[in-house]
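Residue-level structural notes
One letter stands for each residue in the lines below.
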Amino acid sequence: MIQPTSLPVRQQGIVLVLYAIGMFAMLIVGGLALDGAHAMLNKNRLQTTVDAAALSAAKTLDQTADTAQAQTAALAMIASNADNLGNRELATAYASGNGDINVTVEFSATVAPFAAGSLPANYVRVRAENFTMSAWLVQLMGMDEKIVAATAVAGPSPTLGASCKLVPLIVCGDPDQPPSPTDPTAPIWGYERGDVHVLKGGSDSGGQKGPIGPGSFQLARPGDASGSYDLAQGLAGGSENCSNVGDSIDTEPGNKVGPTVAGINTRLNKYPGFIFPGDYPPDVVTEQQESELQVDDSGVITLEDATGTRVPVNSAADLDFNYQDYSDRLKAKNYDLQPDPIGPAALDRRNMPIYIANCEAKNTGQSTLPILGFGCFFLLQEAIQNGTEAELYGEFQTECPIDGVSGNQPTTIPGPYRIQLYKDSGSYDS
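Read on for an overview of the structure. From a predicted model like this one, the values you see are computed outputs, not experimental measurements.

**Considering unusual backbone geometry**
Residue Pro113 is reached from Ala112 by a cis peptide bond, and omega for that bond is 5 degrees. You can see Pro113 is positioned in the loop between β1 (102–108) and β2 (123–134). Geometrically, the link from Asp340 to Pro341 is a cis peptide bond, its omega value of 10 degrees lying close to zero. Here the phi dihedral of Asn130 falls at roughly 70 degrees; this positive angle occurs in a residue that is not glycine.

See below:
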């Protein structure tokens, strides 16, 4: 007879051991999932905050060329985002003052590579490191805390191939003078930085009469815009339509004095009653050329000198207030109106991106013109209505920030750009 063995007796309790091991493993897996999700959530919140800070700093730097103001803007944006609902942990860590989050703001002349401290400062990098959170279930693995970091780089985009929010004005360009990729000082479609131009002529503007043909006064009709109200809104804030270099733009026939005055003068804090500051804020600097600019019968732009004689304007240097004066006041924060959220105004409202077209195909009345590119003009004075006349004058700038889609590759060709985020090539936390 075979005798029973005592082995089953010795194995009693093994199920409890396996159960305990399994439960521990489940806690570890659950802890990794729970704590990992918690860390990822706060990492995303931190990244969003740093992205916003970099964009805010880059925009301030672009407008003022002042790194101190840009750094202040970055830190203010971080504090503002930390106070948002749902960011309690971020707010607590940032406000603790105990090094729970280390924030650094750096500046570089180039974006790739980002060389901190190089001049002139064009790009901004904001880093937030050492965001520490308490660990939960992963403490079973000996981990007492979770640490995340984030970094973001922002600055001017490559020259825009597609531009949005363009002001519906057209100037005629020279197709034989495209922007130079090697000489940023070369004329752009025939326009040179600091030159003063008529952006909208009047019916008796001498040599400026009909640069696009009889019946046209350099006004554009983008997309499905129609009527005086759409024109006034476009002049106040730009069209909602986007355009590409190489597309065509329709002209808006007629002088349209009333809509021109109503729309363009909002930029200088003058409102007609149907366009409001809440929709189209004034510029922070409303100072303008003291002597009214006019164009004589031969098409020469003139101003009145100290003796009361009208003399030709050769460039913006002849003016008592030009873009350089405006830029200096921005850098000094010498505002006529305070910017949002303190006041009703906004920066750069007088810098207007408009169409540069090939006018060889002009017709009498409405024309469809090929778009050569986009030009940046600084509004020198308000539109002054004299009967059926209202002319616009601008100083040409090689670059200005607008909405749009940037090109695929960085380029040195000057033109309209936007402030955008870049991947920080020197960090995995971007």
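Alright, that's what it looks like, and here's the rest.
**Re the nonpolar core**
Membership of the largest hydrophobic core comes to 28 residues, with the highest contact counts inside it found for Leu46, Val50, Val124, Val126 and Phe131. Contributions of two or more residues to this core are made by α2 (14–64), α3 (67–82), α4 (88–95), β1, β2 and β3 (145–156). Those residues in contact with Phe131 that sit more than four places away from it in its chain are Asn42, Leu46, Glu89, Leu90, Ala93, Asp100, Ile101, Lys146, Ile147 and Val148. Among the nonpolar cores identified, the runner-up in size contains 24 residues, and Val261, Leu379, Ala390 and Leu392 belong to it.

**Some words on the pairing of strand β9 (residues 248–253)**
Examined bridge by bridge, strand β7 (residues 216–221) and β9 share 3 bridges and lie antiparallel to one another. Bridge pairing in β9 links Arg221 to Asp250. With 3 bridges connecting them, β9 and strand β14 (residues 368–379) associate as antiparallel partners. Within β14, the residue paired with Ile249 across the bridge is Leu369.

**So, the pattern of salt bridges**
Tallied over the full model, the rule gives 8 salt bridges. Across the pair Arg125 and Glu106 runs a salt bridge whose closest N-O atoms are separated by 3.0 Å. With Arg125 in strand β2 and Glu106 in strand β1, this pair connects stretches of sequence that are 19 residues apart. Relative accessible area serves as the criterion here: at 7%, Arg125 is assigned to the buried category. Glu382 is the partner of Lys270 in a salt bridge, and the nearest nitrogen-oxygen pair spans 3.9 Å. Of this pair, Lys270 sits in the loop between α6 (257–264) and β10 (294–295) while Glu382 sits in the loop between β14 and β15 (392–397), and the two are 112 residues apart along the sequence.

Each value, and the rule that gives it
- Residues numbered from 1 in each chain as written.
- Predicted model: local features only at pLDDT ≥ 70, side-chain atom pairs only at ≥ 80, totals over all residues.
- Heavy atoms only, no water.
- Helix = DSSP H or I, 4+ residues; strand = E, 2+ residues; numbered from the N terminus.
- Core = buried A, V, L, I, M, F, W, Y, C linked by side-chain atoms within 4.5 Å.
- Buried < 20%, exposed > 50% of the residue type's maximum accessible area, 1.4 Å probe, protein only.
- Contact = heavy atoms within 4.5 Å.
- Pairing = 2+ DSSP bridges.
- Salt bridge = Lys/Arg side-chain N within 4 Å of Asp/Glu carboxyl O.

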